[in-house]
Amino acid sequence: MADSNHTGTSFFLTGLPGLEAGHTWLSIPLCAMYVAALAGNSLILWVVRSEPSLHQPMYYFLSMLAMTDLGLSASTLPTMLSIYMLGVREVALDVCLAQLFFIHTFSIMESSVLLAMAFDRFVAISKPLHYGTILTSPRIARLGLVIVVRSIGLHIPAPIMLKQLPYCRTRLLSHSYCLHPDVMKLACADTHINSVYGLFVVLSTLGVDSVLIVLSYGLILQTVLSIASKAERLKALNTCVSHICAVLLFYTPMIGLSMIHRFGRRASPSSHVLLSYLHFLTPPLLNPVVYTIKTRQIRLKMLHLFRSDRTGIRDVQDC
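The protein goes by Olfactory receptor in an unreviewed UniProt entry, where it is assigned to Bison bison bison. Per UniProt, the protein carries the Function (unreviewed entry) text "Putative odorant or sperm cell receptor." Per UniProt, the protein has the following entry under Sequence similarities (unreviewed entry): "Belongs to the G-protein coupled receptor 1 family."

Enquirer: Whenever I open this one, the environment of leucine 172 confuses me. Can you help?
Expert: By the secondary structure assignment, leucine 172 is in the loop between helix 7 (157-163) and helix 8 (180-184). For leucine 172, a relative accessible area of 41% gives the class partly exposed. Between the alpha carbons of leucine 172 and threonine 133 there is a distance of 53 Å; along the sequence they are 39 residues apart.

Enquirer: Got a minute to help me understand helix 3 (residues 57-84) in this structure?
Expert: Given 3.6 residues to a turn, an α-helix orients residues that are three or four positions apart in the same direction. The first and last C-alpha atoms of helix 3 sit 40 Å apart over 28 residues, in line with the 40 Å expected at 1.5 Å per residue. Most pronounced at leucine 77, the bend in helix 3 amounts to some 40 degrees, and the proline proline 78 follows within four residues. Counting buried residues in helix 3 gives 21 out of 28 residues, a clear majority hidden from the surface.

Enquirer: Help me out: how do you make sense of the packing of helix 4 (residues 93-126) against helix 9 (residues 192-225) in this one?
Expert: Any two packed helices are characterised by the angle at which their axes cross and by the distance between the axes. It is at 9 Å that the axes of helix 4 and helix 9 come closest, and there the two elements cross at 15 degrees. Considering the angle they form, helix 4 stands roughly parallel to helix 9. In the crossing of helix 4 with helix 9, the sense of the turn from one axis to the other is left-handed. Within the contact between the two elements, helix 4 uses Ser107, Ile108, Ser111, Ser112, Leu114, Leu115, Ala118, Arg121, Phe122, Ile125 and Ser126 and helix 9 uses Thr205, Leu206, Asp209, Leu212, Ile213, Ser216, Tyr217, Leu219, Ile220, Thr223 and Val224. Along the lines of polarity and charge, the residues of the contact of helix 4 with helix 9 split into 13 nonpolar, 7 polar and 2 charged.

Enquirer: Can you help me understand the state of the cysteines in this one?
Expert: Put plainly, a disulfide is one covalent bond tying together the sulfur atoms of two cysteines. All told, the structure shown has 1 disulfide when counted by the stated rule. What pairs with cysteine 96 in a disulfide is cysteine 178, and their sulfur atoms sit 1.9 Å apart. A torsion of -120 degrees about the S-S bond marks the disulfide between cysteine 96 and cysteine 178 as left-handed. One end of the pair, cysteine 96, is in helix 4; the other, cysteine 178, is in the loop between helix 7 and helix 8, and 82 residues separate them in sequence. The structure places no disulfide on cysteine 240, whose sulfur is separated from the nearest cysteine sulfur, that of cysteine 245, by 11 Å. On the basis of relative accessibility, which here comes to 29%, the residue cysteine 245 falls in the partly exposed class.

Enquirer: For this particular structure, what's the right way to read the pattern of salt bridges?
Expert: Between side chains of opposite charge, a pair can form when the charged atoms approach closely. Under the defined criterion, the tally for this structure stands at 4 salt bridges. A salt bridge links aspartate 120 to arginine 121, with the shortest nitrogen-to-oxygen separation between them at 2.9 Å. The same class applies to aspartate 120 as to arginine 121, namely buried.

Enquirer: Looking at this structure, I do not really get the side chain of threonine 191. What am I missing?
Expert: Looking at the element boundaries, threonine 191 is found in the loop between helix 8 and helix 9. Since its relative accessible area comes to 18%, threonine 191 is described here as buried. Ignoring anything within four residues of it in the chain, the contact list for threonine 191 reads Leu165 and Met184.

Enquirer: I keep staring at helix 6 (residues 137-155) and nothing clicks. Help me out?
Expert: Between its terminal C-alpha atoms helix 6 stretches 28 Å, which fits the 27 Å expected from 19 residues at 1.5 Å a residue. Residues of helix 6 that are buried: Ile140, Gly144, Ile147, Ser151, Leu154 and His155. Buried residues in helix 6, looked at end-on, bunch into an arc of 125 degrees, giving them a common side. When the buried face of helix 6 is taken as reference, the exposed residues oriented beyond 90 degrees from it are Arg142, Leu145, Val146 and Val149. As for helix 6, its buried residues are in contact with helix 3, helix 4, helix 7 and helix 9.

Enquirer: I would appreciate a short explanation of the packing of aromatic side chains in the present structure.
Expert: Two aromatic rings, taken as a pair, are described by how far apart their centres are and by the angle between their planes. All told, the structure shown has 7 aromatic pairs when counted by the stated rule. Note on tyrosine 177 and phenylalanine 280: the rings are 5.3 Å apart at their centroids and 75 degrees apart in plane angle, and the pair reads as edge-to-face. Placement of the pair is tyrosine 177 in the loop between helix 7 and helix 8 and phenylalanine 280 in helix 12 (residues 269-294), with a sequence separation of 103 residues. The pair formed by tyrosine 177 and phenylalanine 280 is uniform in burial state, with each residue classed as buried. Pairwise contacts between aromatic rings join Tyr84, Tyr177, Tyr277 and Phe280 into one cluster.

About the cut-offs
- Residues numbered from 1 in each chain as written.
- Predicted model: local features only at pLDDT ≥ 70, side-chain atom pairs only at ≥ 80, totals over all residues.
- Heavy atoms only, no water.
- UniProt positions renumbered as here; feature names shortened; annotations may be inferred.
- Helix = DSSP H or I, 4+ residues; strand = E, 2+ residues; numbered from the N terminus.
- Buried < 20%, exposed > 50% of the residue type's maximum accessible area, 1.4 Å probe, protein only.
- Expected span 1.5 Å × (residues − 1).
- Bend = angle between axes of the 7 residues up to and from the residue.
- Axes fitted to C-alpha atoms, helices over the stretch in contact; angles between N-to-C directions.
- Parallel < 35°, antiparallel > 145°, perpendicular 65-115°, else oblique.
- Left-handed = near helix turned anticlockwise from the far one by under 90°.
- Contact = heavy atoms within 4.5 Å.
- Nonpolar A, V, L, I, M, F, W, Y, C, P; charged D, E, K, R; others polar.
- Disulfide = S-S within 2.5 Å.
- Salt bridge = Lys/Arg side-chain N within 4 Å of Asp/Glu carboxyl O.
- Arc of directions from axis to C-beta.
- Phe/Tyr/Trp six-rings, centres within 6.5 Å; stacked < 30°, edge-to-face > 60°.

Put into structure tokens, the structure is as follows:
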């Protein structure tokens, strides 16, 4: 009976309300953002892999962040392009469930990586002499494995439970991609268990991670204030600027979107969509920019790369 309810089930995604006529033009900046995000994070991975001096814990975590951003971009890309470039808004149930699984999995993964990076900064500032012995390569690899298992394991039940629900209402989603709360509210059955499980996942991941990140920076600030030299204090804090920017880029739109969903019932549908774009598109786009600007080693490696390319072009022209 449940299978018959799902036969031919599909959902309709939402672009920017009121700007449907301009979706083709909007696809140009969106495509540019995706290309920049994919290129920037791929370049970060290449630079860290090819430069032996960057084979350190901080840059291993940065590589994890770049891989997570690539996964998040790839998760939202298919439906975004189908809406804005092809004008196709319909998405099948199975495709929708697969997309929401990957979107939420990579979101939790990014939160976990940001927490690991906060721990990295805490160890580097509070215990600099033991930094290399605490954050060894095997421990970082195990931590990465824990992050992956945690993110995937917590989200496997969500699409399975949604698959069992009948959908008999107007199947219009509020965003340009499938999200768990958005799909759940369209079911014409009791979704109490789904809602409780979704809340548990959010609180045990994003909630716990954000609290631990704040706690880490509280301890970092305590350590920094105990340093006698003002120059040393500024130097220590400067090593955290990139990570703080990444945390703000990830959590600020998410908090704003959550507040609008709960308290902004009079807010326009466009504000929901725009905030969701900020949450899912901005971190993959800007994280490589922030780390390139603030991290001297990466910046120098990229400058060397581009100078080498120009030199090669000149040599070819001279020949």
